[in-house]
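# Commentary on secondary and tertiary structure
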Amino acid sequence: MVAAKVGSKGKNGTKKKGKFFGEVFIVRERCKGCGFCVEFCPTKVLALDEAMNEKGYHPPIIVNIEACNGCDLCGLYCPDFAIHGIRHRNKEVG
Amino acid sequence: MSKETNKEMNPVEPYLRMDRMPHIWCSGCGIGIVVNCFVRALQKSKVDINKLAVVSGIGCTGRIAGYFKVDSFHTTHGRPIPFATGLKTARPDMNVWVFSGEGDLVSIGGNHFIHAARRNADLKVICVNNFTYAMTGGQVGPTAPLHSIATTAPYGTYDQPFNLPFLAESSGAVYVARWTTFHVRQLVKSMQEIKNKPGFSFLEVIAPCPTIYQRRNRLGDGLAGMRYYKERSKVVNGADTRNVDIKLGGDIIVGKFIDRDRPTQLEAMDQELSHKLGDKYVPYPTGVER
Ligand code: SF4
Ligand code: SF4
Ligand code: SF4
């Protein structure tokens, strides 16, 4: 299975302010649509897709990547190991 | 285990038998969250996975052992604690974890549970409590709240449920905590503490079972269960465990309740027999890395 590569890295290192930024990885086909990640993401980065995956569930999509701080709560809450977040320090951008 | 994990790879992947995915757990089941928290705790405390054993009994939670890519064993129903006790006795250098459901651990295996706690066997016991025998179709379990509906109690249960932290404390456990699957950071922290704690540690994790328990009791889906935990859990660290019983529709008291020290089963044996037999006794080769 291939992770949907949806990073939040700004172009040419011009990244938003703040110490951290996040990157989220979603494996659509593993998702069972429980909605935990969407509900408990503290900064409301995610929403459930209207389209379904091949199992017939609605997986999360990223609607506001700028808000992601890479806390990985989505990764902790996902019972199906279908999403996780990674935190980067802002100076890593480049 | 290689540290060279790809950032696109879910953090659990190096620890699980991914060839066995997708797992059997339903949409909105809480058991996968317990797996996530355990993996984060292992990563943070830099556990040597060659010194790690995961043992489970039968049931939905009992599947955890089969999914872990470490020395793991899926025992018969109710028997993970005796198996784990034997494993720990033969290999005292290993970190031995038991993951199982409440039906397996405190009903079918209830006698093993109280005696391992009494002896202070050096085991880390994680009990996923979803209030029912889920895999076998929803019979009344040992923690089913009074008046809840089950297939074997279609008009509601009338038997007093176990209050697991109280049971564990009074049986002799040295560490007792309860969290729900909403409390992911606290679960990671408790698991890290348990990793370093000699003796019988007990962690109860309240988890949603939308398919069997919640559907029959009209408690909604997995997300409804999680929202309930968020709204109705009260953190009371150090609470008197006599007062943490769970009522249908009531608050859930969570927290770390007990953290105390006494000699483990093997330490007690060494002390007693060294005292009685002197030089004739060869002490047990203990010494797990903590
Ligand atoms: S890493 Fe944190 S902020 Fe980013 S999507 Fe996941 S839960 Fe939301
Ligand atoms: S938590 Fe996991 S299974 Fe649930 S909707 Fe999000 S990605 Fe899908
Ligand atoms: S039956 Fe209940 S406990 Fe078993 S996998 Fe489904 S939701 Fe989880």
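All names here are of chain B. Tracing the backbone shows Arg262 in the loop between strand E10 (252-259) and helix H10 (265-277). Through-space distance from the C-alpha of Arg262 to that of Ala144 is 32 Å; in sequence the pair is 118 residues apart. Apart from residues lying up to four places away in sequence, Arg262 is in contact with Ala117, Arg118, Arg119, Asn120, Gly172 and Val174. From its side chain, Arg262 meets the backbone oxygen of Gly172 in a polar contact 2.9 Å long.

What follows covers helix H5 (residues 110-119) of chain B. Residues and elements named next belong to chain B. For H5, the full list of buried residues reads Gly110, Phe113, Ala116 and Ala117. Around the axis of H5, the buried residues are gathered within 135° of arc, so they sit on the same side. Contact partners of the buried residues in H5: helix H3 (80-90), helix H4 (102-108), strand E4 (124-129), helix H6 (164-171) and strand E8 (201-206). Asn120 occupies a position one or two residues after H5 and carries a positive phi of about 60°.

This part takes up the pattern of salt bridges. Pairing between side chains of opposite charge can happen when the charged atoms of each approach one another. With the rule as written, the count across this model stands at 21 salt bridges over all chains. Put simply, Lys7 of chain B and Glu23 of chain A hold a salt bridge, and the shortest N to O gap is 3.0 Å. Remark: Glu23 of chain A occurs in strand E2 (residues 20-26) and Lys7 of chain B occurs in the segment before helix H1 (31-44); the pair is interchain, linking two chains. By relative accessible area, which is 37% here, Lys7 of chain B ends up partly exposed. Of the charged contacts, one joins Lys197 of chain B and Asp261 of chain B as a salt bridge, the two residues approaching to 2.8 Å between their closest N and O atoms. Taken together, the positions of Lys197 of chain B in the loop between helix H7 (184-195) and E8 and Asp261 of chain B in the loop between E10 and H10 put the pair 64 residues apart, joining distant regions of the chain. The exposure class assigned to Lys197 of chain B is buried, which follows from its relative accessible area of 8%. A relative accessible area of 67% means that Asp261 of chain B is categorised as exposed.

Residues with a pLDDT of 70 or more make up 79% of chain A, whose mean pLDDT is 85. Per-residue pLDDT stays below 50 along residues 1-14 of chain A; that stretch engages in 26 contacts with residues further than four places along the chain or on separate chains.

Looking now at the side chain of Arg178 of chain B. Residue and element names in this part refer to chain B. If you trace the backbone, Arg178 turns up in strand E7 (residues 175-180). The class of Arg178 is buried, set by a relative accessible area of 1%. One polar contact links Arg178 to Glu204, side chain to side chain, over a distance of 2.9 Å. Within polar-contact distance, the side chain of Arg178 engages the backbone oxygen of Val244 at 2.9 Å. Residues in contact with Arg178, not counting those within four places in the same chain, are Asn163, Pro165, Leu203, Glu204, Ile206, Val244, Ile246, Ile252, Ile253, Val254, Gly255 and Phe257.

Ligand 2 sits among Cys31, Lys32, Gly33, Cys34, Gly35, Cys37, Pro60, Cys78, Pro79, Asp80, Ala82 and Ile83 of chain A. When its residues are assigned to classes, the shell around ligand 2 shows eight nonpolar, two polar and two charged.

The next point concerns H7 of chain B. Residues and elements named next belong to chain B. Over its 12 residues, H7 extends 16 Å from the first C-alpha to the last, a length consistent with the 16 Å expected when each residue adds 1.5 Å. Among the residues making up H7, those that are buried are Val184, Leu187, Val188, Ser190, Met191, Ile194 and Lys195. Seen along its axis, H7 keeps its buried residues to an arc of 165°; they face one direction.

Residue and element names in this part refer to chain B. Here the second largest pocket is characterised by a volume of approximately 260 Å³. For the lining of the second largest pocket, the elements supplying multiple residues, two or more each, are helix H8 (210-216) and helix H9 (222-232). Per-element accounting of the lining of the second largest pocket gives the leading share, four residues, to H9. A class-by-class count of the residues in the lining of the second largest pocket yields 13 nonpolar, five polar and one charged.

Once that is clear, we can look at the site of ligand 3. In the vicinity of ligand 3, the contacting residues are Trp25, Cys26, Cys29, Cys60, Asn130, Ala134, Cys209, Pro210, Thr211 and Ile212 of chain B. Of the residues in the shell around ligand 3, the class split is eight nonpolar, two polar and no charged.

This part is about the interface of chain B and chain A. With 33 residues of chain B at the interface, the matching set in chain A holds 28 residues. When chain B packs against chain A, the two sides together hide about 2,500 Å² of surface, and 60% of this comes from carbon and sulfur. Run the count over chain B and chain A and you get four salt bridges. For Glu13 of chain B, the salt bridge identified is with Arg30 of chain A, shortest N-O distance 3.1 Å. On inspection of chain B and its partner chain A, the count reaches 19 residue pairs in polar contact (both at pLDDT 80 or more). At the level of elements, H1, H7 and H9 of chain B are the ones that each hand at least two residues to the side of chain B that touches chain A. Considering every element that reaches the side of chain B that touches chain A, the biggest residue donor is H1 of chain B, with six residues. Across the side of chain B that touches chain A, the residue classes break down as 18 nonpolar, eight polar and seven charged.

With that out of the way, let us pick up the pairing of E7 of chain B. Sheet faces and side chains relate simply in a regular strand, where the side chains alternate between the two faces. Residue and element names in this part refer to chain B. Most of E7 sits inside the fold, with six of its six residues counted as buried. Neither face of E7 is exposed, since Tyr175, Ala177 and Trp179 on one face and Val176, Arg178 and Thr180 on the opposite face are all buried. Bridge analysis of E7 against E8 gives six bridges, and the strand direction is parallel. From the neighbouring strand, Val176 faces E8, where its bridge partner is Phe202. Where E7 and E10 come together, four bridges link them in antiparallel fashion. Paired with Tyr175 across the two strands is Asp259, which belongs to E10.

Definitions and cut-offs
- Residues numbered from 1 in each chain as written.
- Chains lettered and ligands numbered in written order.
- Predicted model: local features only at pLDDT ≥ 70, side-chain atom pairs only at ≥ 80, totals over all residues.
- Heavy atoms only, no water.
- Helix = DSSP H or I, 4+ residues; strand = E, 2+ residues; numbered from the N terminus.
- Contact = heavy atoms within 4.5 Å.
- Polar contact = N/O pair within 3.5 Å; in protein donor to acceptor, adjacent residues only side chain to side chain.
- Buried < 20%, exposed > 50% of the residue type's maximum accessible area, 1.4 Å probe, protein only.
- Arc of directions from axis to C-beta.
- Salt bridge = Lys/Arg side-chain N within 4 Å of Asp/Glu carboxyl O.
- pLDDT = per-residue confidence, 0-100.
- Near = heavy atom within 4 Å.
- Nonpolar A, V, L, I, M, F, W, Y, C, P; charged D, E, K, R; others polar.
- Expected span 1.5 Å × (residues − 1).
- 1 Å grid on protein atoms, 1.4 Å probe; cavity = no way out; pocket = protein on both sides within 12 Å on 5 of 7 lines; lining within 4 Å.
- Points joined across faces, edges and corners; volume = space filled by probe spheres on them.
- Buried area = accessible area lost by both parts, 1.4 Å probe.
- Pairing = 2+ DSSP bridges.

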